[in-house]
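# Summary of the model geometry
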Number of protein chains: 2
Amino acid sequence: MDLTRSPLALPFPDLPAIGGVTLRIARAQYKDWDRCDLTYAEFTEGTAVAGVFTRSACPSSEVEMGREQVQSGRARALIVNAGNSNAFTGYRGREAVEQIMSQVADHLDCRPSEVFVSSTGVIGVPLPLGKARDGVAMAVAATPCSWQDAAKTIATTDTFAKGAGASAMVAGKRVELAAIIKGSGMIAPDMATMLGYIFTDAAIDPAFLQQLLSASNQQTFSCITVDSDTSTSDTVLAFATGHAGNARLTSFDDPGADAFAAALHDVCRQLAHLVVRDGEGAQKFIEIRVNGALSDESAHRIALSIANSPLVKTAIAGEDANWGRVVMAVGKAGEPADRDKLSIGFGGIWAARNGQPVADYDEAPVAAHLQGQEIAIEVDIGLGIGSAAVWTCDLTHGYIDINADYRS
Amino acid sequence: MDLTRSPLALPFPDLPAIGGVTLRIARAQYKDWDRCDLTYAEFTEGTAVAGVFTRSACPSSEVEMGREQVQSGRARALIVNAGNSNAFTGYRGREAVEQIMSQVADHLDCRPSEVFVSSTGVIGVPLPLGKARDGVAMAVAATPCSWQDAAKTIATTDTFAKGAGASAMVAGKRVELAAIIKGSGMIAPDMATMLGYIFTDAAIDPAFLQQLLSASNQQTFSCITVDSDTSTSDTVLAFATGHAGNARLTSFDDPGADAFAAALHDVCRQLAHLVVRDGEGAQKFIEIRVNGALSDESAHRIALSIANSPLVKTAIAGEDANWGRVVMAVGKAGEPADRDKLSIGFGGIWAARNGQPVADYDEAPVAAHLQGQEIAIEVDIGLGIGSAAVWTCDLTHGYIDINADYRS
């Protein structure tokens, strides 16, 4: 099928080179297509790694192995296969991942466990060993490529290439972060899975990098939803080469740790928003902010209940300030709420306060807000000080087109 | 908007008169429409009542009061308002319900707490007191009507009138059950809420009736989903007049209690399925059976995760045996599962066994099954003996049409 560029797409940013990171791409021909589909990132010795993975109880072999590999904290290479997710393929899936790890480890003279592998694409078909072997051989010998080329190569049904960057001053040294991500539905065989990679030249202890990545994940990647579905392969990895020459960061007590944490968080937020902006069929980017819940966790669950409600998402698609559907989504979240303390607004204007429609409610500015591409829904539960924000997109005919009308 | 009759509609069944129950309808004109919209059911003295209600934390006044009223176990009347849900209307909503209860209680010379009220329709607009008063006055004076007339009058955006019946022999006496229900989305302002009413001439203790209704609810109304959204008003009430003259049922030790329980369960199942058959945009009725989970509760949660997955529902709409999406939905359910023990089938044919595609999988009979209107998805988790079944419909352009393209 012909996927048109999302109306919410952003241009690919200028990203700096990251010392110690070399990117290469190749054509493994995992599908019968005219494009590169294998990405190889090589890191200098001493590179730290951290990762967060899908919570699915049925993850791919890549995820199972990646979870083990990040324990050591060290990485020398990353391979990303596009066109075949290698998920639900039993022992043969694991065999393919092990082959790639060995092949790259032989090339770099490192341990196989320092080679990270991700795959995205069709489910239930083992990654073909021959294509993987030839693809890796071509990739390691290829000319280095740009961030944008790598972002295009990890993509599957994405409608635009996604990248993000940031920098921070760490005790007098400037450190750079550059990142790429792919994903447009939470998952679909032949379609999308969220795979994100962050690269930095900062010197940082892997345990501290993991702490920062896990914390940012809670407020970024874990706060986006396109269709409430969760991939078997979702992965975000952060690699830190140390080439910036800063004094190694080991905890928040180190000078510049806050600045680096802020930059990493900013990159994670940018990446997460880019995935929503390429949500299947998305016409509008929606931010949902919940305040006044009994705890931040409670606010997060209420916000996700709203973000995942098909009735809320179709109302936004229809540019309808349908706060009754938001009430419904709050009520079904399974969290403490009191109908008569609930307030709901759109674009900064309350439509309902304390459980009743606002008496002199002027729908005109709300209607104008809903005609835009960036929608804000605000909810005040009125019970406590817990707050959260999540991001999603609307539910449109485009989603049905992509997922029902065209057979995978 | 013009709602066309669901392709999954069933004809209204022949239902017997239930001794002790009289149905009447009237035009309260809650909306500017040419139809009856107020239903009045009158019960003879001594009628037992039981009820199950939405778990929403933001329910309507009708639900809050109904929950209290069923405690007494006695009912003399039911009023159902269509066109205005009276939800999210603060103290004025409660005022309207209390007015109706008093008015009917005066007419019947009973306690107001013996008068049950339900409302369905637009959210956030208090039920107009004058229209309710005039409507009730007309209804109590009207000529008795049929089951089908009552089923039409409680409906809002339903595309067909829904009724179900059953009978049972209780210790030599034949008892009858007749029931009506309305609902086509889990909720939507101006649209649907599930309201179901079961009437029987059996003599039964209210506590035992509640026990049976609650048990059946767990396996019927709690096992259907159209869009994962939960109404602020969902209500099912059962009224038992005792006119059949059977020895009063008080527990499963009484002769005929099993037969009555089976008949009640059958009616609940029929009603629940009818709501799915009128799901917004539904083209296919889907049964999802999960076996081999660690517990029945775990199986139920996995089944609902599949039933609520937009990617599974769009795959069925597209007649695509996309078992990879079922794997995904099992994985995200948050329940114990093992990728390599998982089996998935459609219409009685396994597509994947023990975590891998079936080697000699013949897609032709599966494709034929998916072209039908009644779809079966079978999942074996392979871990235990927990099982569950849930029912849903596919996700189509019709759902988007109803909920996004047309403003409420």
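Just so we're clear, the structure is a prediction, and the values are computed from it rather than from any experiment.

### So, the overall build of chain A
- When its secondary structure is counted, chain A shows 11 helices and 16 strands.
- Here the C-alpha atoms of chain A give a radius of gyration of 22 Å, agreeing with the 22 Å that 2.2 N^0.38 yields for 408 residues.
- C-alpha extents for chain A along the principal axes are approximately 70 × 55 × 35 Å.
- In chain A, which comprises 408 residues, the proportion classed as buried is 61%.
- If you take every contact in chain A between residues at least 6 apart in sequence, the share linking residues at least 24 apart comes to 80%.

### Observations concerning the pairing of strand E13 (residues 349–353) of chain A
All names here are of chain A.
- Of the strand pairs in this sheet, strand E12 (residues 343–346) and E13 are connected by 3 bridges, and their pairing is antiparallel. By the bridge assignment for E13, Ile 344 is matched with Ala 352.
- Once E12 ends, the chain turns through 2 residues before running back antiparallel as E13, passing Gly 347 with a positive phi of about 60°.
- When E13 meets strand E14 (residues 356–357), the two strands line up antiparallel, connected through 2 bridges. Bridge assignment links Arg 353 to a residue of E14, and that residue is Gln 356.

### Some remarks on the sheet that holds strand E1 (residues 21–26) of chain B
Residues and elements named next belong to chain B.
- Pairing is mixed in the open sheet, where 4 strands are placed in the order E1-E2-E4-E5. If you trace the sheet from one side to the other, it starts and ends with E1 and strand E5 (115–122), each paired once. Sheet twist, expressed as the average angle between the axes of neighbouring strands with direction ignored, equals 15°.

### Focus: the sheet that holds strand E5 (residues 115–122) of chain A
All names here are of chain A.
- Overall, mixed pairing links the 4 strands, which are arranged E1-E2-E4-E5 in an open sheet. The open sheet terminates on both sides in strands that have one partner only, identified here as strand E1 (21–26) and E5. Taking the axes of each pair of neighbouring strands and ignoring which way they run, one obtains an average angle of 15° across the sheet.
- Examined bridge by bridge, E1 and strand E2 (residues 38–43) share 6 bridges and lie antiparallel to one another. Each residue of the ladder has a partner; that of Leu 23, found in E2, is Ala 41.
- Along the sheet, helix H3 (residues 129–140) contacts E1, E2 and strand E4 (77–84); its crossing angle with E1, the most-contacted strand, is approximately 130°.

### As for the environment of Asp14(A)
- Position of Asp14(A) relative to the elements: it lies in the segment before E1.
- Remark: the alpha-carbon pair of Asp14(A) and Trp147(A), spanning 133 residues in sequence, is separated by 8.9 Å.

### Some thoughts on helix H1 (residues 61–69) of chain B
- Buried residues of H1(B): Ser61(B), Glu62(B), Val63(B), Met65(B), Gly66(B) and Gln69(B), and no others.
- The inward-facing, buried residues of H1(B) contact strand E3 (48–53), helix H2 (90–108), E5 and strand E10 (235–240) of chain B.

### With respect to the environment of Glu297(A)
Residue and element names in this part refer to chain A.
- Among the structural elements, Glu 297 can be located in helix H7 (residues 296–307).
- With 13 C-beta atoms counted inside 10 Å, the residue Glu 297 sits in the partly exposed group.
- With 222 residues separating them along the chain, Glu 297 and Ala 75 place their C-alpha atoms 33 Å apart.

### Focus: the domain arrangement of chain A
Residues and elements named next belong to chain A.
- By domain assignment, chain A separates into domain 1 (21–277) and domain 2 (285–405).
- Using C-alpha coordinates to define each centre, domain 1 is positioned 33 Å away from domain 2.
- Between domain 1 and domain 2, the contact holds 10 residues from the first and 10 residues from the second.
- Only strand E9 (224–225) and helix H6 (257–277) provide two or more residues apiece to the side of domain 1 that touches domain 2.
- For the side of domain 1 that touches domain 2, the element with the most residues is H6, which contributes 4 residues.
- Here the residues of the side of domain 1 that touches domain 2 sort into 6 nonpolar, 3 polar and 1 charged.

### Here we look at unusual backbone geometry
Residues and elements named next belong to chain B.
- A positive phi angle is found at Glu 319, which is not glycine, with a value near 55°.
- With respect to the secondary-structure elements, Glu 319 resides in the loop between helix H8 (310–317) and helix H9 (323–331).
- Assessed through the 20 C-beta atoms surrounding it within 10 Å, Glu 319 is described here as buried.
- Of note, the phi angle at Asn 354 is positive, near 50°, even though the residue is not glycine.
- In this fold, Asn 354 is placed in the loop between strand E13 (349–353) and strand E14 (356–357).

### Considering the confidence of the model for chain A
Residues and elements named next belong to chain A.
- Across chain A, the average pLDDT comes to 91, with 95% of residues at 70 or higher.
- Predicted confidence for residues 187–191 stays below pLDDT 50, and this span has 22 contacts to residues more than four positions away or in other chains.
- For this predicted complex, the interface confidence reaches an ipTM of 0.79, while the overall pTM sits at 0.85.

### Structural notes on the environment of Gln69(A)
Residues and elements named next belong to chain A.
- Here Gln 69 is to be found in helix H1 (residues 61–69).
- The buried category is assigned to Gln 69, around which 22 C-beta atoms lie within 10 Å.
- Sequence separation between Gln 69 and Val 49 is 20 residues; the distance between their C-alpha atoms is 9.2 Å.

### Notes on helix H6 (residues 257–277) of chain B
- Its 21 residues give H6(B) an end-to-end C-alpha distance of 30 Å, which sits within 8% of 30 Å, the value for a rise of 1.5 Å per residue.
- Along H6(B), the residues that are buried comprise Phe260(B), Ala263(B), Leu264(B), Val267(B), Cys268(B), Leu271(B), Ala272(B), Leu274(B), Val275(B), Val276(B) and Arg277(B).

### Quick look at the packing of H1(B) against H2(B)
Residue and element names in this part refer to chain B.
- Closest axis-to-axis distance for the H1/H2 pair is 9 Å, and the angle between their directions is 55°. With respect to each other, H1 and H2 are oriented oblique. Handedness of the crossing formed by H1 with H2: right-handed. Only Gly 93, Arg 94 and Val 97 of H2 make contact with H1, whose side of the interface consists of Ser 61, Glu 62 and Met 65.
- The class makeup of the residues in the contact of H1 with H2 is 2 nonpolar, 2 polar and 2 charged.

### Some thoughts on the packing of helix H2 (residues 90–108) of chain A against H3(A)
All names here are of chain A.
- Between H2 and H3, whose axes approach to 10 Å, the crossing angle comes to 25°. Taken together, the axis directions place H2 and H3 in an arrangement best described as roughly parallel. In the packing of H2 onto H3, the handedness of the crossing is right-handed. Contacts from Ala 96, Gln 99, Ile 100, Gln 103, Val 104 and His 107 of H2 reach H3 at Leu 129, Ala 132, Arg 133, Val 136 and Val 140.

Calculation notes
Residues numbered from 1 in each chain as written. Chains lettered and ligands numbered in written order. Predicted model: local features only at pLDDT ≥ 70, side-chain atom pairs only at ≥ 80, totals over all residues. Helix = DSSP H or I, 4+ residues; strand = E, 2+ residues; numbered from the N terminus. Rg over C-alpha atoms; globule rule 2.2 N^0.38 Å. Buried ≥ 20, exposed ≤ 12 C-beta atoms within 10 Å, placed from the backbone. Contact = placed C-beta atoms within 7 Å. Pairing = 2+ DSSP bridges. Axes fitted to C-alpha atoms, helices over the stretch in contact; angles between N-to-C directions. Domains from an automatic or database assignment. Nonpolar A, V, L, I, M, F, W, Y, C, P; charged D, E, K, R; others polar. pLDDT = per-residue confidence, 0-100. Expected span 1.5 Å × (residues − 1). Parallel < 35°, antiparallel > 145°, perpendicular 65-115°, else oblique. Left-handed = near helix turned anticlockwise from the far one by under 90°.

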